[in-house]
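Fold and contact review
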Amino acid sequence: MTAIMGIVNVTPDSFSDGGRYLDADAAVAHGFALRAAGADLLDVGGESTRPGSQRVDPAEEQRRVLPVVGALAGAGLAVSVDTMNAATAVAAVEAGAVLVNDVSGGLADPEMLAAVADTRADIALGHWRGHSDDMYARASYGDVVRDVVGELSARVRAAEAAGIPPARIIVDPGFGFGKRGAQNWELLRGLARVATLGPRLLVGTSRKRFLAEALSGAGEVDEARRDLATAVTSVLAAHAGAWAVRVHDVASTRDALRIATYRGE
Ligand code: PMM
């Protein structure tokens, strides 16, 4: 069964739940609620990567995420840290995180791969071509699936060369990162090819713009509709062999995955 990673954004500007969980206690409570809804893993992040967003100072990022990571991990929950900074990754692992989720695949911080190699944590390597302030400028592909697979496999080789054993490596095609609408759909259809790369596959489509665009073009799409769309793409990801899906609304994706795999027993 595909695992569910519940999102705990501790940022004032994330596109979907921004500001609501800025307070550490509220973020911890949200983490417990996601766990109760069926999350297998909680992904705590303190830097928004929404298109156009600005970088966050690592000290501020750590101020946001470390108390939340510590409280959730201290309660026995499996926690990942969503960060592009090696110092934040290491501090979060010391606070109890078991997985470093780097959407940049180790490219944003040249210290990241060696730093994670020195811990016992797993690492999720995202497909990424540059920071969010101008990521669409790099959204040019020959064959998006082939290009993503090729670039991700280079990141896997870099991680192994830095001393991270293959069993600790996860790959993520990075939906929305340097990809325009149709490119995300092509990638979704080609996910099984990404899965053949070897490492466990993590997929994050939750509430992303390409889902909203499919439902209503440039019009507004509320959270409930984005969550339903996410539950559908999560099932497609599971069918393609995903190890885990990263979502905001755990309950809807949990039910969708259960129904899609139910055998009546
Ligand atoms: N997307 C976002 C943030 N972190 N991590 C992984 N592994 N995969 C993703 O697709 C991903 C991510 C951006 O979405 P958010 O602002 O809603 O968290």
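Here goes a summary of the coordinates provided. What you see is a predicted model, and the numbers here were worked out from it, not measured in a lab.

Moving on, we come to the site of the ligand. Neighbouring the ligand are 14 residues, the closest being Asp82, Asn101, Asp172, Lys208 and Arg246. Aspartate 82 is positioned such that a nitrogen or oxygen atom in its side chain is 2.8 Å from a nitrogen atom of the ligand. A distance of 2.7 Å separates a nitrogen atom of the ligand from a polar side-chain atom of asparagine 101. In isolation the ligand has 410 Å² of accessible area, and contact with the protein removes 96% of it. Looking at the shell around the ligand residue by residue, the classes come out as 4 nonpolar, 6 polar and 4 charged.

Time to look at the nonpolar core. Among the nonpolar cores identified, the biggest contains 64 residues, and Val44, Val100, Ile123 and Leu191 are the most heavily contacted of them. Among the elements that take part in this core, helix α5 (residues 144-161) stands out by supplying 7 residues, more than any other. Judged by nonpolar contacts, the second largest core, of 8 residues, contains Met5, Ala124, Ile170 and Ala244.

This part takes up the packing of helix α9 (residues 223-239) against helix α10 (residues 250-261). When two helices pack together, their arrangement is given by the angle between the helix axes and by the axis-to-axis distance. Axis separation between α9 and α10 bottoms out at 9 Å; the angle between their running directions is 40 degrees. Compared by their axis directions, α9 and α10 come out oblique. Between α9 and α10 lies a crossing of right-handed hand. For the pair α9 and α10, contact is made by Asp227, Thr230, Ala231, Ser234, Val235, Ala238 and His239 and by Ser252, Thr253, Ala256, Leu257 and Ala260, respectively.

Right, let's talk about empty space enclosed by the protein for a bit. The final tally for this structure, using the stated rule, is 2 cavities of 30 Å³ or more. One number sums up the size of the largest cavity: a volume of about 50 Å³. Lining the largest cavity are Glu47, Ser48, Thr49, Ser53, Gln54, Arg55, Met84, Trp128, His131 and Ser132. Taken together, Glu47, Thr49, Glu61, Asp82, Thr83, Met84, Asn101 and Val103 form the lining of the second largest cavity. The residue makeup of the lining of the second largest cavity, split by class, is 2 nonpolar, 3 polar and 3 charged.

On to the packing of α5 against helix α6 (residues 181-189). Relative to each other, α5 and α6 sit at 75 degrees, their axes nearing to 9 Å. The orientation of α5 relative to α6 falls into the category roughly perpendicular. Here α5 contributes Val144, Val145 and Val148 to the contact with α6, which in turn contributes Gln183, Glu186 and Leu187.

This part takes up helix α3 (residues 86-94). Note on helix geometry: an α-helix contains 3.6 residues per turn, so any two residues three or four positions apart are oriented the same way. Of all the positions in α3, only Ala86, Thr88, Ala89, Ala91, Ala92 and Val93 are classed as buried. Against α2 (58-74), β3 (79-82), β4 (99-102) and α4 (112-117) lie the buried residues of α3. Positive backbone phi, approximately 120 degrees, marks glycine 96, located one or two places after α3.

Each value, and the rule that gives it
- Residues numbered from 1 in each chain as written.
- Predicted model: local features only at pLDDT ≥ 70, side-chain atom pairs only at ≥ 80, totals over all residues.
- Heavy atoms only, no water.
- Near = heavy atom within 4 Å.
- Polar contact = N/O pair within 3.5 Å; in protein donor to acceptor, adjacent residues only side chain to side chain.
- Areas by Shrake-Rupley, 256 points an atom, 1.4 Å probe, with all protein chains shown as cover.
- Nonpolar A, V, L, I, M, F, W, Y, C, P; charged D, E, K, R; others polar.
- Core = buried A, V, L, I, M, F, W, Y, C linked by side-chain atoms within 4.5 Å.
- Buried < 20%, exposed > 50% of the residue type's maximum accessible area, 1.4 Å probe, protein only.
- Helix = DSSP H or I, 4+ residues; strand = E, 2+ residues; numbered from the N terminus.
- Axes fitted to C-alpha atoms, helices over the stretch in contact; angles between N-to-C directions.
- Parallel < 35°, antiparallel > 145°, perpendicular 65-115°, else oblique.
- Left-handed = near helix turned anticlockwise from the far one by under 90°.
- Contact = heavy atoms within 4.5 Å.
- 1 Å grid on protein atoms, 1.4 Å probe; cavity = no way out; pocket = protein on both sides within 12 Å on 5 of 7 lines; lining within 4 Å.
- Points joined across faces, edges and corners; volume = space filled by probe spheres on them.

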